[in-house]
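Residue strings, one per chain:
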6 protein chains.
Amino acid sequence: MQREVFSGFLGSCDDYEGAAAAILGAPMDQTASFRPGARHGPRQIRSVSEVLEEYSPRLDRDLADYRYADLGDVTVIPGNVEESLDRIAHSARRVFRDRKLLIMLGGEHLVTLPAVQSAAEVYPDLSVIHFDAHADLREIYLGVRLSHATVMRRVVETVGPERLFQFGIRSGTREEFAFARSAVNFHSGLRVEDVAGAAERLRGKPVYITLDIDVLDPSYAPGTGTPEPDGCTPGDLFSALEALADLEVIGFDLVEVCPPCDHSERTAILAAKLVREAILLFSRKQKPGGI
Amino acid sequence: MQREVFSGFLGSCDDYEGAAAAILGAPMDQTASFRPGARHGPRQIRSVSEVLEEYSPRLDRDLADYRYADLGDVTVIPGNVEESLDRIAHSARRVFRDRKLLIMLGGEHLVTLPAVQSAAEVYPDLSVIHFDAHADLREIYLGVRLSHATVMRRVVETVGPERLFQFGIRSGTREEFAFARSAVNFHSGLRVEDVAGAAERLRGKPVYITLDIDVLDPSYAPGTGTPEPDGCTPGDLFSALEALADLEVIGFDLVEVCPPCDHSERTAILAAKLVREAILLFSRKQKPGGI
Amino acid sequence: MQREVFSGFLGSCDDYEGAAAAILGAPMDQTASFRPGARHGPRQIRSVSEVLEEYSPRLDRDLADYRYADLGDVTVIPGNVEESLDRIAHSARRVFRDRKLLIMLGGEHLVTLPAVQSAAEVYPDLSVIHFDAHADLREIYLGVRLSHATVMRRVVETVGPERLFQFGIRSGTREEFAFARSAVNFHSGLRVEDVAGAAERLRGKPVYITLDIDVLDPSYAPGTGTPEPDGCTPGDLFSALEALADLEVIGFDLVEVCPPCDHSERTAILAAKLVREAILLFSRKQKPGGI
Amino acid sequence: MQREVFSGFLGSCDDYEGAAAAILGAPMDQTASFRPGARHGPRQIRSVSEVLEEYSPRLDRDLADYRYADLGDVTVIPGNVEESLDRIAHSARRVFRDRKLLIMLGGEHLVTLPAVQSAAEVYPDLSVIHFDAHADLREIYLGVRLSHATVMRRVVETVGPERLFQFGIRSGTREEFAFARSAVNFHSGLRVEDVAGAAERLRGKPVYITLDIDVLDPSYAPGTGTPEPDGCTPGDLFSALEALADLEVIGFDLVEVCPPCDHSERTAILAAKLVREAILLFSRKQKPGGI
Amino acid sequence: MQREVFSGFLGSCDDYEGAAAAILGAPMDQTASFRPGARHGPRQIRSVSEVLEEYSPRLDRDLADYRYADLGDVTVIPGNVEESLDRIAHSARRVFRDRKLLIMLGGEHLVTLPAVQSAAEVYPDLSVIHFDAHADLREIYLGVRLSHATVMRRVVETVGPERLFQFGIRSGTREEFAFARSAVNFHSGLRVEDVAGAAERLRGKPVYITLDIDVLDPSYAPGTGTPEPDGCTPGDLFSALEALADLEVIGFDLVEVCPPCDHSERTAILAAKLVREAILLFSRKQKPGGI
Amino acid sequence: MQREVFSGFLGSCDDYEGAAAAILGAPMDQTASFRPGARHGPRQIRSVSEVLEEYSPRLDRDLADYRYADLGDVTVIPGNVEESLDRIAHSARRVFRDRKLLIMLGGEHLVTLPAVQSAAEVYPDLSVIHFDAHADLREIYLGVRLSHATVMRRVVETVGPERLFQFGIRSGTREEFAFARSAVNFHSGLRVEDVAGAAERLRGKPVYITLDIDVLDPSYAPGTGTPEPDGCTPGDLFSALEALADLEVIGFDLVEVCPPCDHSERTAILAAKLVREAILLFSRKQKPGGI
């Protein structure tokens with residue numbers, strides 16, 4: 001007759017051992033350069049997830065058939081970027097080593113770096129699919145190498161440029177676009193046929209998906225630190241994820257939800273729905289109690 | 001040189017007798033399960049309606065040629081669902097008996113039930129067209145039978161499943177979708193050709209239209225209690241209403257506008273525009289003073 | 001290195017057995033007549049409590065020396081007032097029977113009724129101290145007997161008018177004030193000497209304290225459903241609570257925090273500080289692990 | 001069973017003839033220099049007034065014993081200051097000529113000018129009591145003579161400097177303060193004894209009271225266009241009004257409530273309470289139906 | 001190591017002489033009839049412009065190759081419409097005489113009038129392209145001829161009806177639409193082929209573009225005074241501007257951004273991006289230091 | 001007829017050489033542990049300062065008689081605390097070396113450290129007066145030594161504990177309070193006589209004043225990252241500053257204004273007024289053009 005205080009993501013449990021996937025919050029926003037607040041993303045995504053049903057009519061699948069644990073948030077250290085990233089890496093590494101699917105909730109985009117680095121330790125032939133409005137390919141930003149604006153350049157250094165697939169990119173410096181167009185698998189738009197083409201090439205290989213919520217048009221996702229006009233629709237994005245359904249996805253993150261920028265909470269609700277679909281698409285199906 | 005305090009909907013009068021349509025507010029949100037506040041919907045829809053012109057270029061019709069009274073709000077009793085529904089039924093029944101078009105402003109979706117029940121008393125062969133993100137077809141919700149989450153199941157019990165036409169539904173339990181797909185005229189999307197198909201079947205029969213504002217994507221209608229991502233556009237919805245233009249519509253409600261969730265007021269403005277179009281489409285044309 | 005998802009009140013544990021006090025959320029706002037949203041109060045009070053230190057310099061006491069469990073929220077049924085109150089009574093009763101201090105977080109003021117009724121079962125000579133802007137002494141409101149506007153009348157029926165002590169009351173009908181002034185221990189202001197006088201009379205007897213956050217001026221507590229101007233200051237209230245330090249307080253509730261009305265979150269932060277002081281004042285001191 | 005759409009101020013009627021007082025909205029903010037929005041003041045003050053009781057425990061009087069009509073809003077012309085002021089004058093003049101108490105809701109402070117000018121036509125020996133944070137005594141502002149920043153200078157030209165009593169003034173230019181201190185009855189603070197002293201001098205003479213909500217500290221009244229820190233409390237202001245209870249008050253305005261600046265609505269609620277107290281203090285008592 | 005206080009638009013300089021384009025703010029909202037606040041538009045557009053990159057991947061051009069000065073804001077006189085328009089005309093005229101591109105940031109739409117009038121003095125065969133939700137073609141509005149609702153009628157009087165090209169218009173009175181359809185080059189939608197058709201006819205002639213942000217659907221641009229549902233997308237608008245790339249554009253304004261209506265700031269960010277594209281499309285390319 | 005884009009603090013100039021005081025923004029919030037956003041403080045304080053008059057009636061002084069330059073903001077590096085502090089130190093050092101008064105606008109409280117360190121280089125016998133709700137005396141916080149929560153401990157290490165005077169402190173750990181009470185000049189409240197006592201001891205010595213806006217009650221200053229209930233009033237604080245009028249104040253900072261937490265902007269307006277009074281109290285009077 002009473003709800004527990006446990007307030008994990010919709011339908012999640014706290015039985016890590018028995019779960020096929022693990023949700024991890026990375027409430028960090030230290031390198032945000034315009035509007036901070038993404039640190040509150042994981043909390044709000046969990047909080048609003050209760051508005052959703054566990055059943056996805058689009059996929060005709062139900063969370064009740066899946067088993068995933070919510071590990072809570074990594075304790076980030078305001079003012080210490082490197083230590084914060086180490087802690088995220090530590091938590092993510094355990095999930096990858098246990099061969100579970102990592103579902104990470106940001107936080108700013110820099111949190112993707114320790115996750116990808118940890119994943120690459122466990123899955124040496126890792127590829128990364130990147131949905132974002134921004135290229136995030138700067139070599140250095142304001143004098144620092146670890147930043148939300150450089151994170152994908154660091155990812156490129158980790159997995160190699162040919163293993164990075166970018167979609168939806170519509171903002172960056174002239175240099176970033178030159179690099180992206182020449183070195184990585186770059187797409188300025190988010191067309192499902194392009195995504196399907198990438199999926200074709202990645203079949204059977206371990207894949208990490210990183211999704212910056214600002215790939216969506218700001219009308220759908222106003223709650224983000226650096227909104228960039230003229231983005232894609234939720235329908236585009238759901239279709240893109242479905243096009244990746246058959247891949248061996250070992251990690252998925254959703255970053256840059258910034259609650260103070262959206263009083264309507266709809267950015268977080270959309271994020272929660274994306275997480276639901278990601279679990280249904282990329283996690284192994286399980287009966288409660290078994291694996 | 002001075003405006004009256006009367007602050008009814010754009011262009012409305014208080015001459016019920018001489019009017020072909022009657023606007024009624026149902027400021028109830030007692031069974032809201034996520035974010036309450038829809039009780040303030042009727043007030044805000046009226047208040048912002050002044051931003052609109054009375055002329056619709058889309059329809060090339062003008063409210064000046066129509067006569068509709070604003071009856072104000074039913075006095076809802078917080079904490080007494082059944083009494084509140086009885087009062088709504090009482091007001092709605094009078095409008096149906098007087099063979100006027102009812103335009104009801106919610107409030108939560110449960111207010112549709114007493115309106116449909118009253119309408120069915122007057123129009124025994126009533127059909128219901130339902131635009132919504134949610135199926136609202138639960139048999140029971142949290143132990144109660146009268147809820148925004150069960151309202152369409154109660155409507156089914158009133159008019160029969162074959163008389164319910166659902167459009168835009170993209171959220172519900174597995175059970176609700178199974179029921180919807182097997183028993184009622186169900187459409188997960190909102191395609192104008194599907195709506196036109198339903199119109200074909202309903203020609204000449206009395207029709208009640210219930211429109212939950214959350215059928216729209218939350219980017220267009222953030223001010224609602226349980227926003228569901230990936231909805232339709234205003235253009236889709238205006239076209240759908242136009243496809244119903246030739247039907248004998250005897251009631252129309254627009255529910256779930258929740259002002260505290262939308263500081264921009266655009267949800268209420270869009271609702272007011274939908275109401276304007278509904279009057280222009282479904283009410284009889286009149287010269288002021290005559291019928 | 002990682003925070004659990006457990007997100008109870010600052011410093012709370014989930015070991016009910018070993019605790020001297022229990023925190024219970026009652027997220028109900030069904031009878032709210034002006035602005036709903038108090039259902040979100042318990043969640044926000046817990047969430048923002050992390051901004052506080054566990055040490056109170058005013059009291060020179062530290063939460064580290066106390067042991068109190070957070071039981072989470074009662075599952076309230078939107079649309080079913082009586083069932084919701086029964087569930088609150090059920091949870092509260094257990095705490096009183098176990099002779100622990102109940103700390104209840106509202107929710108609207110009606111949630112006080114089941115708590116007081118349960119307390120009176122266990123402590124027959126119970127007295128109630130009531131801090132509020134509103135008398136809440138209506139016999140009936142909009143035709144219903146169970147309402148935030150009638151709750152203290154129902155409390156009077158439970159413990160007797162001479163066992164009710166009201167402070168800070170500055171709003172009500174003429175009839176309510178006539179009743180209050182003639183029948184109960186009524187104070188329109190919140191003067192510490194009056195509170196101390198009441199404490200003198202109540203020494204050694206079981207006391208339940210109910211605190212409606214709107215006793216404070218709306219400048220300090222804008223996040224409430226029915227703000228009433230010209231209220232007391234936080235300093236007045238902290239002093240009043242300290243004047244009750246030596247009483248045998250068996251229950252304490254803090255109600256009517258309504259998050260959607262306060263984007264600054266300071267109402268909830270002030271509420272959390274009041275809860276901290278209440279624990280430090282009214283709970284038994286304990287070493288972690290022992291009783 | 002149904003509320004009318006009439007949404008006048010709490011307890012008001014639309015029977016102007018039978019009323020002793022008349023409420024008039026002046027939704028103008030054209031000369032606002034910092035943050036516009038006071039045009040929405042009258043609407044919001046009326047809308048939130050329902051949160052209040054009709055009984056004032058402070059005064060032990062009840063609106064039920066008074067009869068006052070709500071005339072609605074003057075139609076202001078955006079972009080035409082002089083025409084707008086003429087229209088306000090026209091409506092106010094009628095009320096003064098009918099020897100009723102005018103209760104005017106602003107709007108920006110400039111709306112006081114036509115009201116005072118009309119009052120002075122009917123009551124040649126009129127005095128003005130002015131509560132405000134700002135002196136509003138500029139001779140000219142940005143090249144214009146009709147401005148919220150010059151309004152009291154124009155009032156001085158209408159009634160004479162010795163007939164102006166200012167309280168709470170804490171902002172102005174060096175020149176304004178020099179003028180105020182030398183020419184008018186000036187008080188930088190709001191002490192009840194000063195107000196009582198003015199009342200002593202004004203006994204038996206017709207008095208117009210103008211109250212700029214920003215005389216209050218912005219913590220109590222954040223919803224105003226030009227908030228000025230370090231103001232008075234609601235208690236100070238209620239006491240000041242009570243000190244004027246025996247005067248022959250023929251007009252009272254409350255201006256500069258700016259809804260977009262206060263999402264908590266508490267500024268308007270406080271304004272509504274001030275209006276309630278003003279009616280109870282300054283209007284003639286009546287039984288409904290009689291005079 | 002320190003930023004100057006100069007806070008002009010992204011990448012702008014204060015060297016008017018050496019610039020090919022000049023940015024001018026017109027912070028006026030005096031004739032706004034629904035929600036004021038557009039006066040804050042220029043400030044917010046400049047402030048948020050830093051979130052953008054200077055490089056446009058869509059156009060493959062970079063602001064670094066252009067030289068444009070930010071002249072700051074015209075000092076508008078609240079309460080004096082004519083003087084305010086004169087001042088805008090004065091500043092705009094200088095820019096046109098110096099044969100530089102004017103980029104004007106509103107402010108309400110009426111600010112377009114003095115700019116067009118000044119432009120027509122310098123470029124007698126001027127044509128005007130108008131993107132808007134509203135026709136703004138009233139002969140008179142609330143008794144005044146100078147209003148945001150009449151501005152394009154005044155423009156018609158300045159350049160002639162055949163020189164006005166309207167796109168996206170979906171709101172107006174019956175009379176306005178009759179006039180628009182018969183007299184000017186009117187398009188209710190915003191189709192790129194229609195825009196291209198107009199471009200064809202205007203090649204080689206001086207063109208002034210006025211863009212009311214409410215031509216966009218309110219989901220993309222909620223921060224505007226009179227939002228009108230069912231508008232175009234940012235993609236539509238960017239394409240339309242690109243279709244005008246080869247024209248001799250001598251002035252461009254973007255009006256009706258109203259910051260208080262959009263806490264997410266995305267309207268201003270979209271406006272800033274439109275300004276960036278307008279500079280890249282319509283200004284002459286320059287190397288810093290040269291012309 | 002046109003305002004420059006220069007948007008410095010009210011009445012400031014950009015002539016550093018001729019000025020007696022220099023305003024410097026430090027838009028940093030990297031170590032914020034609860035709600036970030038103080039980085040936007042300097043911009044908003046400048047922006048809203050225009051609502052104030054240059055004349056202070058309380059002090060009977062006018063900014064027109066003072067000459068102070070606004071240097072703009074230090075370029076802070078998100079993600080690099082030490083580099084950011086170095087840059088602040090660099091700018092502050094120059095001001096101190098030039099024997100001008102530094103007026104620094106935060107930003108989080110950690111920005112005080114480089115300013116005090118730079119001041120102590122130039123003024124070896126420096127004392128620090130600290131107004132704050134929080135002791136900020138932790139030895140270490142979350143493993144880092146440079147944090148808003150440790151800043152005053154670092155200040156103690158710089159100037160010595162006997163040179164630190166704390167006022168208004170009402171939050172901290174048990175350890176911080178033990179240290180504060182035993183080692184520094186500690187006051188939990190903000191009584192003007194205590195401040196005057198400190199002034200007595202500091203006469204003739206160089207003094208740096210650091211003012212955390214959260215020393216005020218959150219009702220006056222809701223726009224701050226870690227609001228702590230039960231604080232002082234603006235009147236208390238203005239009086240305290242006046243009690244320091246005769247000291248040789250060489251630096252003054254005002255920190256922790258966090259705009260996203262206060263939509264009413266009143267926190268920034270109050271901060272701007274405090275800055276105005278600080279200039280009038282602590283800067284040398286000058287005629288424009290001379291020293």
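Cut-offs used in this document
- Residues numbered from 1 in each chain as written.
- Chains lettered and ligands numbered in written order.
- Predicted model: local features only at pLDDT ≥ 70, side-chain atom pairs only at ≥ 80, totals over all residues.
- Heavy atoms only, no water.
- Phe/Tyr/Trp six-rings, centres within 6.5 Å; stacked < 30°, edge-to-face > 60°.
- Buried < 20%, exposed > 50% of the residue type's maximum accessible area, 1.4 Å probe, protein only.
- Helix = DSSP H or I, 4+ residues; strand = E, 2+ residues; numbered from the N terminus.
- Pairing = 2+ DSSP bridges.
- Axes fitted to C-alpha atoms, helices over the stretch in contact; angles between N-to-C directions.
- Contact = heavy atoms within 4.5 Å.
- Least-squares fit on C-alpha atoms with pLDDT ≥ 70 in both.
- Buried area = accessible area lost by both parts, 1.4 Å probe.
- Salt bridge = Lys/Arg side-chain N within 4 Å of Asp/Glu carboxyl O.
- Polar contact = N/O pair within 3.5 Å; in protein donor to acceptor, adjacent residues only side chain to side chain.
- Nonpolar A, V, L, I, M, F, W, Y, C, P; charged D, E, K, R; others polar.
- Left-handed = near helix turned anticlockwise from the far one by under 90°.
- Lys, Arg positive; Asp, Glu negative; His and termini not counted.

Caption draft 1: Inspection of the packing of aromatic side chains at higher detail. Applying the stated criterion across every chain yields a total of 30 aromatic pairs over all chains. Judged by centre distance (5.5 Å) and plane angle (80°), the ring pair of Phe177(B) and Phe186(B) falls under edge-to-face. The exposure class assigned to Phe177(B) is buried, which follows from its relative accessible area of 0%. For Phe186(B), a relative accessible area of 17% corresponds to the buried category. Considering the side-chain rings of Phe252(D) and Phe282(D), the 6.3 Å spacing of their centres and the 35° angle between planes classify their relative orientation as tilted. Here Phe252(D) is found in strand β10 (residues 248-255), whereas its partner Phe282(D) is found in helix α8 (residues 266-282), with 30 residues between them in sequence. One exposure class covers both Phe252(D) and Phe282(D), and it is buried.

Caption draft 2: Spatial organisation of the sheet that holds strand β7 (residues 164-167) of chain D. Residue and element names in this part refer to chain D. A sheet is described by the order of its strands in space; here eight strands give the open sequence β4-β1-β5-β10-β9-β6-β7-β8, paired in parallel fashion. Of all strands in the sheet, those bounded by a partner on one side alone are β4 (68-73) and β8 (185-187). Here the strands of the sheet are splayed against their neighbours by 15° on average, with no regard to which way each runs. Direction of pairing for strand β5 (residues 101-106) relative to β10: parallel, over a ladder of four bridges. Among the inter-strand pairings, Leu102 is bridged to a residue of β10, identified as Gly251. Strands β6 (127-131), β7 and β9 (206-212) of the sheet are contacted by helix α4 (residues 151-159), whose axis makes an angle of about 160° with β6. Relative to β7, helix α6 (residues 192-202) is tilted by about 170°, and along the sheet it contacts β6, β7, β8 and β9.

Caption draft 3: Up close: the relation of the copies chain D and chain F. Rotating chain D by 120° and moving it 0.0 Å along the rotation axis overlays it on chain F with an RMSD of 0.0 Å. Seen this way, the second copy is the image of the first under a three-fold rotation axis. In terms of C-alpha distance to the rotation axis, chain D has Ser219(D) as its closest residue, with the C-alpha 3.1 Å off the axis. Of all interface residues in chain D, a mere 17% are interface residues in chain F too; the two copies therefore contact each other through different surfaces.

Caption draft 4: Highlighting the interface of chain D and chain F. Counting residues at the interface gives 23 residues for chain D, matched by 22 residues for chain F. Of the roughly 1900 Å² buried where chain D meets chain F, counting both sides, 54% is carbon and sulfur surface. Area buried by chain D at its contact with chain F is led by Phe34(D), Arg174(D) and Asp230(D), which between them contribute 31% of it. Between the two partners, chain D and chain F, sit six salt bridges. The partner of Lys273(F) in a salt bridge is Glu228(D), and the shortest N-O contact between them spans 2.5 Å. If you look at where chain D meets chain F, you find ten residue pairs in polar contact (both at pLDDT 80 or more). Looking at the side of chain D that touches chain F element by element, the count peaks at three residues for helix α5 (residues 174-183) of chain D. Considering only residue class, the side of chain D that touches chain F consists of eight nonpolar, six polar and nine charged.

Caption draft 5: Quick look at the pattern of salt bridges. Counted by the stated rule, this structure contains 155 salt bridges over all chains. In this structure, Glu277(B) engages Arg276(B) in a salt bridge whose closest nitrogen and oxygen atoms are separated by 3.0 Å. Arg276(B) sits in the buried class, given a relative accessible area of 2%. For the salt bridge of Arg39(E) with Asp29(E), the shortest nitrogen-to-oxygen distance reads 2.9 Å. With a gap of ten residues between them, Arg39(E) in the loop between β1 (21-26) and α1 (41-48) and Asp29(E) in the loop between β1 and α1 connect regions that are remote in the sequence. Judged on exposure class, the residue Arg39(E) and its partner Asp29(E) are both buried.

Caption draft 6: Just the packing of helix α2 (residues 81-97) of chain D against helix α3 (residues 112-122) of chain D, in detail. Residue and element names in this part refer to chain D. Their axes nearest at 8 Å, the elements α2 and α3 cross at an angle of 35°. Two packed elements cross with a definite hand, and for α2 against α3 that hand is right-handed. Contacts between α2 and α3 involve Leu85, Ile88, Ala89, Ala92, Arg93, Phe96 and Arg97 on the former and, on the latter, Pro114, Ala115, Ser118, Ala119, Glu121 and Val122.

Caption draft 7: Structural context of the side chain of Glu256(B). Residues and elements named next belong to chain B. Note on placement: Glu256 falls in the loop between β10 (248-255) and α8 (266-282). One buried charged residue, Glu256, remains without a salt bridge, the closest side chain of opposite sign being Arg35 at 9.4 Å. In terms of polar contacts, Glu256 uses its side chain to reach the backbone amide nitrogen of His109, at 2.7 Å. Look past the residues within four positions of Glu256 in its chain and what remains in contact with it is Ala38, Gly107, Glu108, His109, His148, Asp212, Ile213, Gly223, Thr224 and Gly225.

The values reported here are purely geometric and, on their own, carry no functional implication.
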